[in-house]
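If you want the building blocks of each chain, they are given just below.
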Amino acid sequence: MPVKNGDNFEEMQSLINSSDLRSKNEAETRHKIIDFVVHDFLSWPKNRVAVEEYINPGYADYVLKKENGDDLIFIEAKKEGVYFEIPLAYSSTETSSYISIKKLISDENIGKAVRQVRNYCFDTGCEYAAITNGHEWIFFKTFERGKRWDDLQAFVIRKLNFFVDEYTKAINSFSFIAVTENASLSSLLTTFKPKDRSIFYPKEKILTYSHPITSNRLASTLRPLANKYFGVISDDDTDFMEKCYVSQREYKATFDGMQTLLHDSLTPYFKEYGVQQLEDTGKGGQLGGRLTKNLKKGRKGEVLVLFGGKGAGKSTFIKRLLHHNQPRWLRDHAVVSIIDLLKVPENKEVVRDYIWKNLVLSLDKDRILDGSREEVLSLLFSDKYEIAKKQNLAGLDSSSEAYNLKLNDLISSWKDDYIYCAKRLVDYWGNGSKGAVVVVDNTDQYSSEIQDYCFTSAQEISSQLECVVLISMREERFYDSKIHGVLDAFQNSGFHISSPNSAEVFKKRLTYTIDLLNDDCGIEERIGDVDSSMVRDCKTYLSILRGEFSNHQSPLTSFLGACSHGDTRLSLDLFSSFLLSGYTNVDEMISAGRWEFQIHQVIKPVMIPNRYFYDESLSDIPNIYQLRSNRHASHFTGLRILRKISKGSDKTSPSYHSIAELKAHFSEVFNMVDDFEKNIDILLKHSFIESNNRLDSYSNEVDSIRVTNYGLYMIEELAFHFTYLDLICTDCGMFVEKTSNYLCEAARREYRLFNKGDRLERVKVRLERAEHFIEYLCEEECREKELYSLEMPESEMFTHKIKDNFKNEKVRVMRSAKRQQSKKDSRANPTPNKRVN
């Protein structure tokens, strides 16, 4: 609920009290009443309102503008003495109401003003207009598809008291934020009321919907390798880090000559704050240089921030630079402390204690605190010891038991003071010409409050120890921290790291894993006692996959690369699922010795690696056709958003689009604000789109978005593939019960055929099921085309492309199924050897 602006609220009350005479001319009316209502009360900034703008054949009094400069609403102003005769109110307290335009324009003054402003709107294509004499305000739509304009309902403000008596409604309907960001005029003035349609879910009637699928026969051998070498690189495996780390320099050539979308490039929002794009050449790039410069010049206390998206490799970069492969100067002149908060509970006191305790442990590389009392006193606690001899220990014989007990107690208390110990350890290393570099890593697992606390802790460390502190932070957290004021001290000390190309990551890790399997001495230690034929098959399988990632046109390469959108951790998880899935036909691949993947052989193992039926809540790949709102939704909202923001965009550098304008479009055309917002949320969470400030869920703070490589992949390919449609159709809500029941029964039948091992018949059922789903989608899109008067050729309809793709895929899928059935039959009934006479 809006908070009342005290000054403007009181001024409005004073204006109402002083306007009874209605004697102001038009100029005074505009200056003293209308200007106040528009600019002061409703908070429209003057740079978004044009006055006296020439529109043939006259001048428009006020034109409220969209962010891109297009006209949003025309206001025709009359002097307050021009009375608008409005039909009587139902009660004396009524300050606003809906009245048809036909009734209103029967009054001469209203009719003349309405037609005048409507002509202005027609000339510029503006949909909304208003007329006012300062006291009465009439807001209306100038046209609506499929309706006579004078049959539309206008919203009438009967008197200025409306702005006081119905303050919340006034602000929520006409304020700058309400109109430009929440598309309030659309919902206020639309005559289209959505009908509630029942939604039916096929999966709710399929008892076997949660049936699991066993992994492929190589999975038990490969699982320990997948867990270790297709996940986070451990701190103690320098060899793995060296051989599998992918720097930008190594994979930059991959993109040369290719039209591709940079996975997670630095956004304009971050550039405004001086964040630099980190070019990682293998030695830390500008960040490594900044750390070195700080130490060389003896700079005291600076916090550097390493920004990166989810799974971009921030921790891997830090550990390689400062732990596994330090540049020589840093190795000789720096003592590094990496505080990893990955497994630390979300509690301020626990986090603080863990940071300072482990900071002391890591700075004490010479184990001084574990040494003799004499070493501790001389090397670390000499300052406090000198004071203690004058105070706490004064008068005691240094050889007495009392002296020694007292000194031991003092040393214990000094050791428990972690901040003091850390300071003394930094001084110790400083005497040896070494500066401290402290890293606070993996803070992005926490809530906003704890992440902010981690950053303030980094500032405290930097201040107390007068050292450089590096903290990693997810990009979306930066926005919140800025809003909260946590990063007020932050200035030009941020570096953005882009994730490595996923294909290069897979190639290196597969090569490393194959080399391990070739090592006869160490193989048993890594995967246990495994039959040599199993090891041979694993190596063949992994070698086939490695070769696939060298082909940039491969469905496996493009699918995993698009779905992860810069999240290396996610891409590795998806690949591990594919690697071990029971849907991955390892025997055929090994028998052939090489393999050229088809898209259906990739989609299924990744989307449902260990389940028979797809469930969006359990899959990393969302259902783009899902109905997101229970009241008024479309199967095509997600695709429409992606198409609108990708159409005409440069794929190498797509432009950002205003969320407010997009929301207004979906509100005005489809009246689907809730469905739009929920789809935006899903698209952000799964990285089909990204926001300018990198927030990864929908809120009012998301002001602009652009399409990602994943979004382009969905709108251009994935959404139209038979296998994808086949998987998601039973998960989709349906408006037609008959279709839902058909899909449910088809799924049951398919599952029975699966248990019988009848592959050919099962494929036929899947094709028939997908065809029914496509027919349903066609009917829905045609219905919406007519309902919303969508003027588009058939070739631009989503279902036109779906049908074309399915027609081609159906032939290929049946051919493949018959071939597989033939192979199965020949294995079951081998031809007997002919006798040679």
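Residues numbered from 1 in each chain as written. Predicted model: local features only at pLDDT ≥ 70, side-chain atom pairs only at ≥ 80, totals over all residues. Heavy atoms only, no water.

## Comments concerning a negative patch on the surface
On the surface, Glu 67, Asp 70, Glu 181, Glu 661 and Asp 703 cluster together to form a negatively charged patch. Within the element layout of this structure, Glu 181 appears in helix H7 (residues 176-181). (Patch = residues over 30% accessible without salt bridge, like charges linked within 9 Å, V, L, I, M, F, W, Y side chains within 5 Å. Areas by Shrake-Rupley, 256 points an atom, 1.4 Å probe, with all protein chains shown as cover. Salt bridge = Lys/Arg side-chain N within 4 Å of Asp/Glu carboxyl O. Lys, Arg positive; Asp, Glu negative; His and termini not counted. Charge placed at Lys NZ, Arg CZ, Asp CG, Glu CD. Helix = DSSP H or I, 4+ residues; strand = E, 2+ residues; numbered from the N terminus.)

## As for the pattern of salt bridges
One pass over the structure, following the stated rule, counts 39 salt bridges. For Glu 449, the salt bridge identified is with Lys 348, shortest N-O distance 3.2 Å. In this pair, Glu 449 sits in helix H21 (residues 448-465) while Lys 348 sits in helix H16 (residues 348-363), placing the two residues 101 residues apart along the sequence. The exposure class assigned to Lys 348 is partly exposed, which follows from its relative accessible area of 35%. A salt bridge links Arg 769 to Glu 750, with the shortest nitrogen-to-oxygen separation between them at 2.7 Å. Residue Arg 769 is found in helix H36 (residues 759-787), and its partner Glu 750 is found in helix H35 (residues 737-756); the two are separated by 19 residues along the sequence. Across this residue pair, the class does not change: Arg 769 and Glu 750 are buried. (Buried < 20%, exposed > 50% of the residue type's maximum accessible area, 1.4 Å probe, protein only.)

## Side note on the nonpolar core
In terms of nonpolar packing, the biggest core is built from 135 residues, with Leu 545, Tyr 625, Tyr 724 and Phe 773 touching the most fellow members. Counting residues per element, this core draws most heavily on H36, at nine residues. Beyond its immediate stretch of four places on either side in the chain, Tyr 625 contacts His 635, Phe 636, Leu 639, Ala 719, Phe 720, Tyr 724, Leu 725, Ile 728, Cys 732, Leu 777 and Ile 802. Judged by nonpolar contacts, the second largest core, of 49 residues, contains Ala 388, Ile 411, Val 469 and Met 473. (Core = buried A, V, L, I, M, F, W, Y, C linked by side-chain atoms within 4.5 Å. Contact = heavy atoms within 4.5 Å.)

## Re the packing of aromatic side chains
Counted by the stated rule, this structure contains 38 aromatic pairs. With a centroid separation of 5.1 Å and an interplanar angle of 80°, the aromatic rings of Trp 44 and Phe 176 are classed as edge-to-face. Of this pair, Trp 44 sits in the loop between helix H2 (26-41) and strand S1 (49-55) while Phe 176 sits in helix H7; the two residues are 132 residues apart in sequence, bridging distant segments of the chain. Note on Phe 176: relative accessible area 15%, which makes it buried. Geometrically, the ring pair formed by Trp 137 and Phe 139 is stacked, given 6.2 Å between the ring centres and 10° between the ring planes. For Trp 137, a relative accessible area of 1% corresponds to the buried category. Members of the aromatic cluster, joined through ring pairs, are Phe 41, Tyr 98, Trp 137, Phe 139, Phe 155, Phe 162, Phe 163, Tyr 167 and Phe 174. (Phe/Tyr/Trp six-rings, centres within 6.5 Å; stacked < 30°, edge-to-face > 60°.)

## So, the sheet that holds strand S14 (residues 657-658)
As summarised here, the arrangement of the three strands in space is S14-S16-S15, forming an open sheet in which the pairing is antiparallel. Strands with a single pairing partner mark the edges of an open sheet, and in this sheet they are S14 and strand S15 (689-691). In this structure, S14 lies alongside strand S16 (residues 704-707), joined through two bridges in antiparallel fashion. What sits directly across from Ser 658, in S16, is Ser 704. Against the sheet, helix H30 (residues 637-646) makes contact with S14, S15 and S16, and its axis sits at roughly 90° relative to S16, the strand it touches most. (Pairing = 2+ DSSP bridges. Axes fitted to C-alpha atoms, helices over the stretch in contact; angles between N-to-C directions.)

## Observations regarding the pairing of strand S4 (residues 96-100)
In terms of burial, S4 is a largely internal element, four of the five residues being buried. Judged from the five bridges that link them, S4 and strand S7 (residues 153-157) form a sheet pairing that is antiparallel. Note on S7: the bridge partner recorded for Ser 100 is Gln 153.

## A few points about the side chain of Ser 97
Among the structural elements, Ser 97 can be located in strand S4. Of note is the side chain of Ser 97, whose polar atom sits 3.3 Å from the side chain of Arg 158. (Polar contact = N/O pair within 3.5 Å; in protein donor to acceptor, adjacent residues only side chain to side chain.)

## Here's the deal with the environment of Pro 345
Position of Pro 345 relative to the elements: it lies in the loop between strand S10 (334-340) and H16. Between the alpha carbons of Pro 345 and Tyr 446 there is a distance of 8.9 Å; along the sequence they are 101 residues apart. When near neighbours in sequence (up to four residues on either side) are disregarded, Pro 345 contacts Val 350, Val 351 and Tyr 446.

## A closer look at the pairing of strand S3 (residues 71-77)
With seven of seven residues buried, S3 lies mostly within the body of the structure. Bridge count between S3 and strand S5 (residues 128-132): five bridges; the pairing is parallel. Each residue of the ladder has a partner; that of Ile 75, found in S5, is Ala 130.

## Details of the confidence of the model for the protein
If pLDDT is low for a region, its predicted coordinates should not be looked at in detail. Overall, the prediction assigns the protein a mean pLDDT of 85, with 89% of residues at 70 or greater. Here residues 249-264 is modelled with pLDDT under 50, and outside its nearest four sequence neighbours on either side it reaches 42 contacts, counting other chains as well. Ignoring residues within four places in sequence, the model shows residues 833-837, a span with pLDDT below 50, making zero contacts including any to other chains. (pLDDT = per-residue confidence, 0-100.)

## So, the environment of Gly 125
The residue Gly 125 is located in the loop between helix H4 (108-124) and S5 in this model. Taking the C-alpha atoms as reference points, Gly 125 and Phe 143, 18 residues apart in sequence, are found 9.8 Å from one another.

## A closer look at the environment of Ile 99
Along the polypeptide, Ile 99 turns up in strand S4. Distance in space between the C-alpha atoms of Ile 99 and Pro 87 is 8.1 Å, their sequence separation being twelve residues. Residue contacts for Ile 99: discarding those within four places in its chain leaves Ile 86, Pro 87, Leu 104, Leu 152, Gln 153, Ala 154, Val 156 and Arg 158.

## What to know about unusual backbone geometry
Although it is not a glycine, Ser 43 sits at a positive phi angle of roughly 65°. Positive phi outside glycine occurs at Ser 433, with the angle close to 65°. In this fold, Ser 433 is placed in the loop between helix H20 (418-431) and strand S11 (435-441). The exposed category is assigned to Ser 433, whose relative accessible area is 53%.

## Description of the packing of H16 against H20
For any two helices packed against each other, the geometry is given by the interaxial angle and the distance between the axes. H20 packs onto H16 with a crossing angle of 30° between their chain directions and a minimal axis gap of 9 Å. The angle between H16 and H20 falls in the class roughly parallel. Crossing geometry of H16 relative to H20 is assigned as left-handed. Packed against H16, whose contacting residues are Arg 352, Asp 353, Trp 356, Lys 357, Leu 359, Val 360 and Leu 363, the element H20 presents Tyr 418, Ile 419, Cys 421, Ala 422, Leu 425, Val 426 and Trp 429 at the interface. Partitioned by chemical class, the residues of the contact of H16 with H20 number eleven nonpolar, no polar and three charged. (Parallel < 35°, antiparallel > 145°, perpendicular 65-115°, else oblique. Left-handed = near helix turned anticlockwise from the far one by under 90°. Nonpolar A, V, L, I, M, F, W, Y, C, P; charged D, E, K, R; others polar.)

## Regarding the packing of H35 against H36
Two elements in contact, H35 and H36, have axes whose closest approach is 9 Å; the angle formed by their N-to-C orientations is 165°. It follows that H35 is roughly antiparallel to H36 by the angle criterion. Between H35 and H36 lies a crossing of left-handed hand. Taken together, the residues of H36 that come into contact with H35 (itself represented by Thr 739, Tyr 742, Leu 743, Ala 746, Ala 747, Arg 749, Glu 750, Leu 753 and Phe 754) are Glu 761, Arg 762, Val 765, Arg 766, Glu 768, Arg 769, His 772, Phe 773 and Tyr 776.

## Topic: the side chain of Ser 175
Relative to the helices and strands, Ser 175 is located in the loop between helix H6 (167-174) and H7. Within polar-contact distance, the side chain of Ser 175 engages the backbone oxygen of Ile 171 at 2.7 Å. Excluding residues that lie within four positions of it along the chain, Ser 175 makes contacts with Leu 42, Trp 44 and Ala 170.

## Description of helix H31 (residues 659-670)
Since the α-helix advances by 3.6 residues per turn, residues separated by three or four positions end up pointing in the same direction. The end-to-end C-alpha separation of H31 is 16 Å, in line with the 16 Å expected for twelve residues at 1.5 Å each. With respect to burial, H31 is a largely interior element, nine of its twelve residues being buried. As for H31, its buried residues are in contact with H7, helix H8 (184-189), H30, S14, helix H32 (673-685) and S16. You can read the cap of H31 off the contacts: a side-chain oxygen lies 3.2 Å from the backbone nitrogen of Ala 660, and it is on Ser 658. Phi turns positive, to about 55°, at Asn 671, one or two residues after H31. (Expected span 1.5 Å × (residues − 1).)

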